[in-house]
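# Topology and contacts: notes
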Amino acid sequence: MISSDVIRGYNDTIILFLLLKSPSYGYEISKRIREMSGGKYIIKETTLYSAVTRLEKNGCVTSFAGNENSGKRRTYYRITEKGRQYYREKCQEWSLVKEVVSHFIADPTEE
Amino acid sequence: MEVIKNYLESIFLAYPNTPETQRAKEELWAMMEDRFGELIREGHNENEAVGIVLGEFGNVEEIMRDLGYGGREETANFHSAEEFSSAAGDTGKENSGEKTVTYQEAVEYVQEMEKAGIKIGLGVWMCVASPSVLLLMLGLSFSRVISQQAAVALGITAAAVLVAAAVGLFLYSGIRVQKYGVLKEEMFWMDGATRQYMEELRDAFRPVFTAHVIVGTVICIISVIPILAGAVLSGAEEVMLPSISLSLILAGLGVFFFINAGCRHSCYTVLLQEKEYSREKKEKKRNGWKSFEDTYWILVTALYFLISFGTRRWGSTWILWIVAAAFNEFMGKRMRRRR
């Protein structure tokens, strides 16, 4: 189980990834995060809402109201071009971080 | 789900009511509703689902900080870190490694104590009333309705049956409630929503509690009447014995109400970690203070008997108790100061 502090910097990245193909709404996003991480990361509702609100403020996503067949009014989020750009940047950043940090991770087999 | 909705409302009360906060509240609610529905479809029961949804909620503070309503100035109003974090909606326990009590466990504990209250109360009533059949029968035997042997036989059988049934009830309730004993001994963490719900339940129970106490008291007072009436009106065994019997039955009934009320009320005190189950008391126990107390008094008692039997000066050795109590106080102050 990953705690939210550890992964804080990449919540935005994760959410944007899930919006690359098509728009989605809050619950579906959190569900896919849970599933795709194999249950190892369960994003808190407040963290998720915080993140999408921030992304919307930065212009990386836009929101619109949509109707499911059940008639429930849900807020859908759609990624923007700026969001795609931001996502690419974060992916590059992650590669860099992964490479840098790995220098300092002790290999358990080398003890 | 009501519990969650109420809790959500109460957290947001502390923040200004703007379109943004309203939207946040609605979005969070929509997410929790969907998650709850999914959990039910997956086969969880309602209480489990509520507990899981609460655990995944998080902390409203981070949303509020982004919206610009940072920091909670009223921290001074909270009596404990637990209260503060539950008020901020921190339903995800990432804390001291204490045991967590889930929503489901809390709800089930309350339900078990409700049942136990009735059973234990009934058991005590049966115990108090167990001689009453014997007394009634003996009274009848004095009026020549039945023979004395029959009276004794019936009476003792009835008493034995009642006591056996009572013991059965005690054992059954005891087993059901046993697993919750840890709540009284160990400190635990309960999320804010469950906490709030328990407080609501307790407040709702208060009038019931008062009613129980009043009814119990009245019945106990009334229970004196049969004995008095019997004594005043006649005083003969064939009247007195049945009236004592009736008094016992009534007294037992009054006690039933006290016990039922006490049992049901105690579960809230335990869950909310108040009074004798507060964190401070548990902390003290953990630091070995309690075990010192226990052995101390055993030692004092042994010492008392040793000295008294040895010197035979029973008229003076009682002073040992006063000395022991004073010493206990003194040691207690020393331990407290050391912390």
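Residues numbered from 1 in each chain as written. Chains lettered and ligands numbered in written order. Predicted model: local features only at pLDDT ≥ 70, side-chain atom pairs only at ≥ 80, totals over all residues. Heavy atoms only, no water.

## Here we look at the overall build of chain B
Within chain B, the regular secondary structure consists of 15 helices and two strands. Per-residue burial over chain B gives 38% buried out of 339 residues. For chain B, restricting intrachain contacts to residue pairs at least 6 apart in sequence, the fraction spanning at least 24 positions comes to 77%. For chain B, the exposed surface amounts to about 18,300 Å²; the carbon and sulfur share of it is 64%. (Helix = DSSP H or I, 4+ residues; strand = E, 2+ residues; numbered from the N terminus. Buried < 20%, exposed > 50% of the residue type's maximum accessible area, 1.4 Å probe, protein only. Contact = heavy atoms within 4.5 Å. Areas by Shrake-Rupley, 256 points an atom, 1.4 Å probe, with all protein chains shown as cover.)

## Quick word on the confidence of the model for chain B
All names here are of chain B. For chain B, per-residue confidence averages 83 on the pLDDT scale, and 89% of positions sit at 70 or higher. When pLDDT is averaged over each element of chain B, helix 9 (residues 192-222) comes out on top at 92 and helix 5 (residues 81-87) at the bottom at 46. Under a pLDDT of 50 for its full length, residues 73-93 has, in the predicted model, 49 contacts with residues more than four places off or in other chains. The ipTM value of the predicted complex is 0.84, and its pTM value is 0.71. (pLDDT = per-residue confidence, 0-100.)

## What about empty space enclosed by the protein?
A probe as big as a water molecule, rolled over the atoms, marks out the empty space that is left. Summed over all chains, the structure comprises one cavity of 30 Å³ or more. The volume enclosed by the largest cavity comes to roughly 40 Å³. Considering the residues around the largest cavity, the lining is formed by Ser30, Arg34, Ile42, Ile43 and Glu45 of chain A together with Arg35 and Glu56 of chain B. Taken together, the residues of the lining of the largest cavity break down into two nonpolar, one polar and four charged. (1 Å grid on protein atoms, 1.4 Å probe; cavity = no way out; pocket = protein on both sides within 12 Å on 5 of 7 lines; lining within 4 Å. Points joined across faces, edges and corners; volume = space filled by probe spheres on them. Nonpolar A, V, L, I, M, F, W, Y, C, P; charged D, E, K, R; others polar.)

## Observations concerning the nonpolar core
The biggest cluster of nonpolar side chains holds 65 residues, and the ones touching the most others in it are Ile15 and Ile29 of chain A together with Tyr109, Leu183, Met190, Met198 and Leu271 of chain B. In terms of nonpolar packing, the next biggest core, distinct from the first, is built from five residues, Leu135, Met137, Ala151 and Leu241 of chain B among them. (Core = buried A, V, L, I, M, F, W, Y, C linked by side-chain atoms within 4.5 Å.)

## Focus on the packing of aromatic side chains
Evaluated as defined, the whole model comprises 17 aromatic pairs over all chains. Residues Phe205 of chain B and Tyr268 of chain B carry aromatic rings whose centres are separated by 6.2 Å and whose planes lie at 50° to one another, so their mutual orientation is tilted. Here the residue Phe205 of chain B occupies a position in helix 9, and Tyr268 of chain B occupies one in helix 11 (residues 237-271), the gap between them amounting to 63 residues. Pair check on accessibility: Phe205 of chain B and Tyr268 of chain B agree, each one buried. An aromatic cluster is built from Tyr296, Trp297, Tyr304, Phe305, Phe309, Trp321, Phe327 and Phe330 of chain B, whose rings are joined through pairwise contacts. Sitting above the plane of the Tyr10 of chain A ring, Lys90 of chain A keeps its charged end 4.9 Å from the centroid. Of note, Lys5 of chain B hangs over the ring of Trp29 of chain B, and the distance from its end group to the ring centre comes to 5.4 Å. (Phe/Tyr/Trp six-rings, centres within 6.5 Å; stacked < 30°, edge-to-face > 60°. Lys NZ or Arg CZ within 6 Å of the ring centre and 35° of its normal.)

## Topic: the interface of chain A and chain B
Listed as interface residues are 25 residues of chain A and, on the opposing side, 23 residues of chain B. Buried area between chain A and chain B, both sides added, is near 2,200 Å², and the carbon and sulfur share of it is 46%. Area buried by chain A at its contact with chain B is led by Tyr27, Glu45 and Tyr49 of chain A, which between them contribute 35% of it. Where chain A packs against chain B, one counts four salt bridges. In this structure, the salt-bridge partner of Lys31 of chain A is Glu38 of chain B, at a minimum N-O distance of 3.9 Å. Those elements that provide at least two residues to the side of chain A that touches chain B are helix 1 (4-7), helix 3 (26-36), helix 4 (45-57) and strand 3 (73-79) of chain A. Here the side of chain A that touches chain B takes nine residues from helix 4 of chain A, the largest share from any one element. Residues belonging to the side of chain A that touches chain B are distributed by class as follows: seven nonpolar, seven polar and eleven charged. (Buried area = accessible area lost by both parts, 1.4 Å probe. Salt bridge = Lys/Arg side-chain N within 4 Å of Asp/Glu carboxyl O.)

## Concerning the side chain of Glu45 of chain A
On the secondary structure map, Glu45 of chain A appears in helix 4. Of the buried charged residues, Glu45 of chain A lacks a salt bridge, with Arg35 of chain B as the closest side chain of opposite charge at 5.8 Å. Residues in contact with Glu45 of chain A, not counting those within four places in the same chain, are Leu28, Met31, Met32, Arg35, Glu56 and Phe57 of chain B. (Lys, Arg positive; Asp, Glu negative; His and termini not counted.)

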